[in-house]
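# Report on the structure
Each chain, letter by letter, is given below.
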Amino acid sequence: MSKPRSVIICGGGIVGLSTAYYLAREGFKVTLLERNAEGADSCAHGSAGYISPSHVIPLCAPGMVWKGLKWMMSSRSPFYIKPRLDTDLIRWGLIFARHCNPSYMRQAAPVLRDLCLGGRKLYVELADITGNAFELKTEGLLDLCKSQEALDHEAHGHVALANSLGVEARVLDAKQTAALEPGVRMDIAGSVYFPIDAHITPRKFAPAITALLKDMGVKFHWNTSVYGWRSEGGRIAGVQTTAGDLVADEYVLTGGSWSPSMVAGLGIRLPMQPGKGYNLTLEKPRFKLTKSMILTERRVAITPIGERLSFGGTMELSGHSDNVRPERIEQIIAAAKFYLPEFTDQDFAGIKPWFGYRPVSPDGLPYIGRFGRHQNLTAACGHAMLGLTMAPISGLLVSEILTGRQPSVDLAMLNPDRYA
Ligand SMILES: Cc1cc2nc3c(=O)[nH]c(=O)nc-3n(C[C@H](O)[C@H](O)[C@H](O)COP(=O)(O)OP(=O)(O)OC[C@H]3O[C@@H](n4cnc5c(N)ncnc54)[C@H](O)[C@@H]3O)c2cc1C
């Protein structure tokens, strides 16, 4: 019998953990490196928890250049870019702008659909395997529109595109929306309902999958940082870490928004920006919701997570800065009150905001695949706003790449060398 091939996974967020699962299932000898302690915070922990096949439109949507330019000037807007002279940001912005057109959206949307539907299917399987330890709920998602103009815009754009791709989307008026979600009064023109969307309790996913991985024999190196690589003849010969040099047959890059800096020493250019997002969670909300909601014009996400209610969102490109901008938190609260007028400032009093850094690629698609110049190094990063949705399918794809099987999703547009 041949020896099992060994893999080192660099980064233990939701993508790294999911990748470890699909590789261990294939019989690989898996080691996972994570610079934080077991159970520490990661980007998915404070996320909205959406598993969202409805999100078929990339962030670089048509019209986003002008909208983005307008928004970036104000730190109160849903999409804020802190003005600064940063060549990585400028390069990222130029690639982003190049993709904000209908033709690119038509190419990217089916890939996003396949990744998100693939992710949803795998979450159902993982829920089954773990006894639904992370509380998967398949209640769908409502995109609430405050104005008739926004509802018409959604109906002609998002709804038409989603339905054409086989992702069911229904336009509802205010009364039909209230009948679907009677738990709170909404002041809206209507909504779009996506029955296929689902959500989980994000903080319960990592412990559930970590327990599974331990049973499968995955070796963990917590509190271990990757700081360099040894490469020989177009292959990675070892990874340098704070726990010493480690060696394997294959290496996987799952460092989220830190991925570019992790491989910079190899001369790899991976355009990506950390996209900061905030979350406010009400422990004992006065209103009980069953469905997740997006406040469309304000880009705020609301999720019923167990007994709690999470409000999150905004996209801020200001680097890896721990600075919490109060005006962005105020905008989340203002949006909640604007669409759901029974909420008051009192509901949010004393809540400590959480923030995380989404790994935002400039074209709305993740980097998944082998690097051309380092054949045993595979990327699974850059998932932006959909990293939770796409984590399991990304892990499955990595396992298919490493075993040489036909990938479940076409990888052509996900090539990590596409901006090399
Ligand atoms: C407010 C908010 C709401 C969101 N809502 C949703 C949602 O509803 N649905 C959805 O699909 N997605 C959502 N997302 C996006 C999603 O959370 C991310 O895309 C996803 O969590 C990224 O996972 P990751 O594993 O790639 O990165 P991370 O979670 O950032 O993991 C990377 C890991 O690598 C480790 N690391 C970094 N450098 C090193 C090093 N040198 N050595 C060792 N380890 C290292 C880090 O410590 C980290 O644990 C949201 C994000 C935010 C911020």
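A brief look at the structure comes next.

Rules used in this analysis
Here the residue numbers are simple positions, counted from 1 along each chain's written sequence. In view of the model being predicted, local features appear only for residues whose pLDDT reaches at least 70, and side-chain atom pairs are presented and counted only at 80 or more, with totals across whole chains, interfaces and linings using the full set of residues. By convention in this description, side-chain values take in all heavy atoms of the structure and omit both hydrogens and water. What counts as a helix is a DSSP run of H or I of at least four residues, what counts as a strand is a run of E of at least two, and both are numbered from the N terminus. Only protein chains enter the accessibility calculation, which uses a 1.4 Å probe. A residue is then buried if its area is under 20% of the maximum for its type, exposed if over 50%, and partly exposed in between. Here, residues are in contact when the closest pair of their heavy atoms is within 4.5 Å. Charged residues are defined here as Lys and Arg on the positive side and Asp and Glu on the negative side; His and the ends of the chain fall outside this count. Charge coordinates come from a single atom per side chain, which is NZ of Lys, CZ of Arg, CG of Asp or CD of Glu. Fitted lines through C-alpha atoms give the axes, limited to the stretch in contact for helices. The angle between two N-to-C directions lies from 0 to 180 degrees. The labels follow the angle: roughly parallel below 35 degrees, roughly antiparallel above 145, roughly perpendicular from 65 to 115, and oblique for the rest. The handedness criterion is simple: a crossing whose near helix is rotated anticlockwise from the far helix by less than a right angle is left-handed, and one whose near helix is rotated clockwise is right-handed. By the convention adopted, Pro, Cys, Tyr, Trp, Phe, Met, Ile, Leu, Val and Ala count as nonpolar, Lys, Arg, Asp and Glu as charged, and the other residues, Gly among them, as polar. Residue count minus one, scaled by 1.5 Å, sets the expected span of a helix. Polar contacts here mean pairs of N or O atoms no more than 3.5 Å apart (in protein, one a potential hydrogen donor and the other a potential acceptor; neighbouring residues in sequence count only if both atoms are side-chain atoms). We define proximity as follows: a residue is near a molecule or strand when any one of its heavy atoms falls within 4 Å of that partner. Surface accessibility follows the Shrake-Rupley procedure with a 1.4 Å probe radius. Residue values consider only the protein chains on display as shielding. Geometry of aromatic contacts follows a simple scheme: Phe, Tyr and Trp rings, the Trp one being its six-membered ring, pair when their centres are within 6.5 Å, and the pair is stacked under 30 degrees between planes, edge-to-face over 60, tilted otherwise. Over a ring means this: the NZ of a Lys or the CZ of an Arg is within 6 Å of the ring centre and within 35 degrees of the ring normal.

### Here we look at the overall build of the chain
Counting its secondary structure elements, the chain contains 10 helices and 20 strands. Counting over 420 residues, the chain shows a buried share of 58%. Nonlocal contacts in the chain, meaning residues at least 24 apart in sequence, comprise 76% of its contacts between residues at least 6 apart. Looking at the chain, you have 45 positive and 39 negative side-chain charges, and the mean spots of the two groups are 3 Å apart.

### Observations concerning the packing of helix α1 (residues 14-25) against helix α7 (residues 202-215)
α7 packs onto α1 with a crossing angle of 30° between their chain directions and a minimal axis gap of 10 Å. For the element pair α1 / α7, the angle class is roughly parallel. In this structure, α1 crosses over α7, and the sense of that crossing is left-handed. Note on element contacts: α7 touches α1 through F205, A206, I209, T210, L212 and L213, opposite I14, L17, S18, A20 and Y21. The class makeup of the residues in the contact of α1 with α7 is nine nonpolar, two polar and no charged.

### As for helix α3 (residues 87-99)
Between its first and last C-alpha, α3 extends 19 Å over 13 residues, near the 18 Å set by a 1.5 Å rise per residue. Residues of α3 that are buried in the fold lie against α2 (64-72), β4 (79-81), α4 (102-129), β14 (273-282), β17 (308-317) and β18 (354-360). Its side-chain oxygen placed 2.9 Å from the backbone nitrogen of D88, D86 serves as the N-cap of α3.

### Side note on the site of the ligand
The local shell around the ligand holds 34 residues, among which E34, Y50, V226, A384 and T389 are the closest. At 3.1 Å from an oxygen atom of the ligand is found a main-chain nitrogen or oxygen belonging to V15. T389 has a polar backbone atom sitting 2.7 Å from an oxygen atom of the ligand. Taking 1000 Å² as the accessible area of the ligand by itself, protein coverage stands at 96%. Of all the elements in the fold, those that place two or more residues in the shell around the ligand are α1, β14, β18 and α10 (387-403). Residue composition of the shell around the ligand, by class: 15 nonpolar, 16 polar and three charged.

### A word on the packing of α4 against α10
When two helices pack together, their arrangement is given by the angle between the helix axes and the distance between those axes. Where α4 contacts α10, the two axes come as close as 7 Å, and the packing angle between them is 90°. Classified by the angle between their axes, α4 and α10 sit roughly perpendicular to one another. Residues L112, L115, C116, G118, G119, L122, Y123 and L126 of α4 form the contact with α10, whose own contacting residues are L388, T389, M390, A391, P392, I393, L396 and L397. Class assignment of the residues belonging to the contact of α4 with α10 gives a composition of 13 nonpolar, three polar and no charged.

### Some points on the packing of aromatic side chains
Evaluated as defined, the whole model comprises 16 aromatic pairs. Here the aromatic residues W258, Y278, F355 and Y357 are joined through ring pairs into a cluster of three or more. The residue whose ring lies beneath K146 is F338, and the NZ or CZ to ring-centre distance is 4.2 Å. Against the face of F355 rests K276, its NZ or CZ located 5.0 Å from the ring centre.

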